Amino acid sequence: MIFGPTPLDEAEGAILAHTIRLKERVLKKGTVLDADAVAALRAAGQPQVVAARMAPGDVPEDEAASRIADAALRPLIARSKAATGRVNLLAESAGLLVLDAALIERLNTLDESITLATLPNYSQVSPKEMLATIKIIPFAVPGPALSVAEALLRGGQALSLHPYRAMKVGLVMTELPGVKESAMEGAVEVTRARVEALMGTLLPVERARHEAGPTADALARLKRQGAEMLLIAGASATVDRRDVGPAAIVKAGGRIEHFGMPVDPGNLICLGELDGIPAMVLPGCARSPKLNGFDWVLQRLFAGIPVRARDIMAMGVGGLLKEIETRPLPREKAPATPPPTRAPRRPRQVAGLVLAAGRSRRMAPLNKLLVADTQGVAMIARVVDSVLESGVRPVLVVTGHERERVQEALFGRPVIFAHAEDYAEGLSASLRAGLAALPESAEGVLVALGDMPLVTPSVIQRLVSAFDPEEGRAIVQPTFRGKQGNPVLWAREFVPAMMEITGDVGARQLVGRHADRLVEVEVADDGVLRDFDTTEALRASPGFQAGRVKEKG
């Protein structure tokens, strides 16, 4: 193609590169100049125009785009008419778009005049949705380059659309004592919505004890009912390929293909098969309708695309699907549409529980909770103010030693007091007294210590933001440089176990037992690690005056 300033004597048949406005008419960019157009330009005093002229063998942009589109067409993929060197490829059915990325890259590096842009690989698409666009950049393509492009596309499958198949899906819900019925029902409904969105049918749900034998028996019953896919939603997260869910698949006569995936949320998925039927143990995040790694696997299986271990392990690029507080750079939008549409979830109701019953033995004769900072605010008041400012409600304060003086230090603040009569038995007594006063509406409880005044409201707000029991974030704990600190936010499901703790210990022992339900939030300062047990610790903090106790009245 010849491009540049063109004398009017040579301009007839050339393609105008830029719009020209004349007194009587407008010659738009892309106009093929005929004799009348050239005469109008000459009459307007234009000695030349910037234009493109075809060289021998060149193919005009619309013809080139049309030929490339025809070569790329496959079943269930349609095309638009060519215009300004562009053709769009469109879906004729709902399904999954699968791309040959290497072939597309070869096409796009063939010649700068030829481009093909697509949706991401394995995109979930709807009928009439645009899958790709072919755009010829200049006004023409060299004929030899166009011929190679056509041959590449006809010899491979740059784009293919895999429609969803109607499948019967069996679901086993395993049960443990203490699991709420509402949580079980919610998980079933979320799974049903996922399956039906992909044209599937959920068979009557089987329930079984959280043991390999009963779960294997449930899988066998679903298989006899015609299940074409088997799912296990465990009452407890799977932490090993020999755990209950995977062991049940093996016990039923199946095998495990792969455990885990480089997609978050979705890490703890387990993929297997039973007599040729896909069998999966779901990650805890599958109880939520939000996009997670299970969706990626489910979509491929419904589209008839086999999923093997190597496919799972290749999902890491782009596998960071959802922002949570443990990641430092929030993104504004999720990268894909979640399977069923749900209304925004209401904020979790989190109560605050401040433990302020201790005898302060290591700082005797002072009561450390009543030591004032440089502004005259008692330590316990500073802690309670931070909890109140964070927005958690209600805020309960457990009293014990010097009950009246602690209440006086908090005068006027909107808190509820709970007195621990047996506070001398230790921290667990204070914890039990506070939990006993917890309102039924509270879905979680933030347990704060009265001698940690450097924890800021923003840290507490980050803990609350990360809290989501349905997605496996049922215990939220702050960390500083990897060290675990306080306060800790607990889902209500742990309250019975916390009520059984005895001695001068708190609930920290439960964290290790439920690591699969824990999320750690890294914070920028060490206030989550610093408590004040001694006058030396107070002197090391410039905000406090050791020995100055808030006076009565």
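Note that this is a predicted model, so its numbers are computed, not measured.

What counts and how
- Residues numbered from 1 in each chain as written.
- Predicted model: local features only at pLDDT ≥ 70, side-chain atom pairs only at ≥ 80, totals over all residues.
- Heavy atoms only, no water.
- Helix = DSSP H or I, 4+ residues; strand = E, 2+ residues; numbered from the N terminus.
- Rg over C-alpha atoms; globule rule 2.2 N^0.38 Å.
- Buried < 20%, exposed > 50% of the residue type's maximum accessible area, 1.4 Å probe, protein only.
- Contact = heavy atoms within 4.5 Å.
- Phe/Tyr/Trp six-rings, centres within 6.5 Å; stacked < 30°, edge-to-face > 60°.
- Lys NZ or Arg CZ within 6 Å of the ring centre and 35° of its normal.
- Pairing = 2+ DSSP bridges.
- Axes fitted to C-alpha atoms, helices over the stretch in contact; angles between N-to-C directions.
- Parallel < 35°, antiparallel > 145°, perpendicular 65-115°, else oblique.
- Left-handed = near helix turned anticlockwise from the far one by under 90°.
- Nonpolar A, V, L, I, M, F, W, Y, C, P; charged D, E, K, R; others polar.
- Salt bridge = Lys/Arg side-chain N within 4 Å of Asp/Glu carboxyl O.
- pLDDT = per-residue confidence, 0-100.
- Polar contact = N/O pair within 3.5 Å; in protein donor to acceptor, adjacent residues only side chain to side chain.

1. Looking at the overall build of the protein chain
When helices and strands are tallied, the protein chain shows 16 helices and 31 strands. Scaling as 2.2 N^0.38, a compact globule of 553 residues should have a C-alpha radius of gyration of about 24 Å, whereas the protein chain reaches 33 Å, well beyond that. Summarising its shape, the C-alpha atoms of the protein chain cover approximately 105 × 70 × 35 Å along the three principal directions. Per-residue burial over the protein chain gives 49% buried out of 553 residues. A separation threshold of at least 6 residues defines the contact pool for the protein chain, and within that pool the share at least 24 residues apart is 69%.

2. Describing the packing of aromatic side chains
When we look at a pair of aromatic rings, we describe it by the centre distance and by the angle of the planes. Taken as a whole, this structure holds one aromatic pair when the rule is applied. Between W490 and F494, the aromatic rings sit 5.9 Å apart at their centres with planes inclined by 70°, giving edge-to-face as the arrangement. Each member of the pair W490 and F494 is classed as buried. Lying across the ring of Y122, R300 places its NZ or CZ 3.5 Å from the centre.

3. Here we look at helix α12 (residues 427-436)
Among the 10 residues of α12, eight are classified as buried, and the element is accordingly described as predominantly covered. Buried residues of α12: S428, A429, S430, L431, R432, A433, G434 and L435, and no others.

4. Regarding the sheet that holds strand β11 (residues 123-125)
An order of β11-β9-β14 is seen for the three strands of this open sheet, with the pairing classed as antiparallel. Edge positions in the sheet fall to β11 and β14 (159-163), since each has one partner strand and no second. On average, adjacent strands in this sheet sit at an angle of 35° to one another, irrespective of strand direction. Taken together, the three bridges between strand β9 (residues 95-99) and β11 define a ladder with antiparallel strand orientation. Residue G95 lies in a different strand from β11, and its bridge partner there is V125.

5. Description of the packing of helix α10 (residues 379-390) against helix α13 (residues 457-466)
Between α10 and α13, the shortest axis-to-axis distance is 8 Å and the interhelical angle comes to 50°. In terms of orientation, α10 and α13 fall into the oblique class. When you trace α10 past α13, the crossing you get is right-handed. Contact residues: α10 offers S386, V387, E389 and S390, while α13 offers P457, I460 and Q461. Classifying every residue of the contact of α10 with α13 gives three nonpolar, three polar and one charged.

6. Regarding the packing of helix α3 (residues 101-108) against helix α4 (residues 143-155)
Each pair of packed helices can be described by the angle between their axes along with the distance between the axes. One can describe the packing of α3 onto α4 by two numbers: an axis separation of 10 Å at closest approach and a directional angle of 175°. Considering their axes alone, α3 and α4 lie roughly antiparallel with respect to each other. Residues L103, R106 and L107 of α3 form the contact with α4, whose own contacting residues are A149, L152 and L153. The class makeup of the residues in the contact of α3 with α4 is five nonpolar, no polar and one charged.

7. Considering the sheet that holds strand β1 (residues 2-7)
Strand order in this open sheet of three strands is β1-β5-β2, and the pairing throughout is antiparallel. At either margin of the open sheet sits one strand with a lone partner, and together these are β1 and β2 (15-16).

8. A few points about the pattern of salt bridges
Under the counting rule described, the total for this entry stands at 26 salt bridges. In this structure, E257 engages R255 in a salt bridge whose closest nitrogen and oxygen atoms are separated by 2.8 Å. One salt bridge connects E493 with R517, and the closest N-O pair in it is separated by 2.6 Å. Of this pair, E493 sits in the loop between β29 (488-491) and α14 (495-499) while R517 sits in the loop between α15 (508-513) and β30 (518-522), and the two are 24 residues apart along the sequence. According to the relative accessible area criterion, R517 is buried, its value standing at 18%. Because the salt bridges share partners, they merge into one network encompassing E63, R67, E150 and R154.

9. Re the confidence of the model for the protein chain
One rule of thumb: low pLDDT means the predicted coordinates there are not for detailed reading. For the protein chain, the mean per-residue pLDDT works out to 89, and 91% of the residues sit at or above 70. Taken element by element, the predicted model of the protein chain shows its lowest mean pLDDT in strand β31 (residues 544-549) (51) and its highest in strand β21 (residues 277-281) (98). The model gives residues 325-344 a pLDDT under 50, and that stretch makes 32 contacts with residues more than four places away or in other chains. Counting contacts from residues 549-553, a segment whose pLDDT is below 50, to residues more than four positions away or on other chains yields 12 contacts.

10. Side note on the pairing of β29
Burial of the side chains of β29 extends over both faces: V488 and W490 are buried on one face and L489 and A491 on the other. Where strand β26 (residues 444-449) meets β29, four bridges bridge the pair, whose relative direction is antiparallel. The residue bridging V445 from the neighbouring strand is W490, located in β29. By the bridge criterion, two bridges tie strand β27 (residues 475-480) to β29 in an arrangement that is antiparallel. Looking at the pairing, V476 lines up with L489 of β29.

11. Quick look at the side chain of R432
Tracing the chain through its elements places R432 in helix α12. Given a relative accessible area of 19%, R432 falls into the buried group. In terms of polar contacts, R432 uses its side chain to reach the side chain of D422, at 3.5 Å. In this structure R432 touches D422, E425, M498, M499, I501 and T502, once residues within four positions along its chain are discounted.

12. Looking at the environment of F480
Summarising the element assignment, F480 is placed in strand β27. The class for F480 is buried, based on a relative accessible area of 13%. Sequence separation between F480 and F494 is 14 residues; the distance between their C-alpha atoms is 24 Å. In contact with F480, not counting residues within four places along its chain, are E522, V523, A524, D525, D526, V528 and L529.

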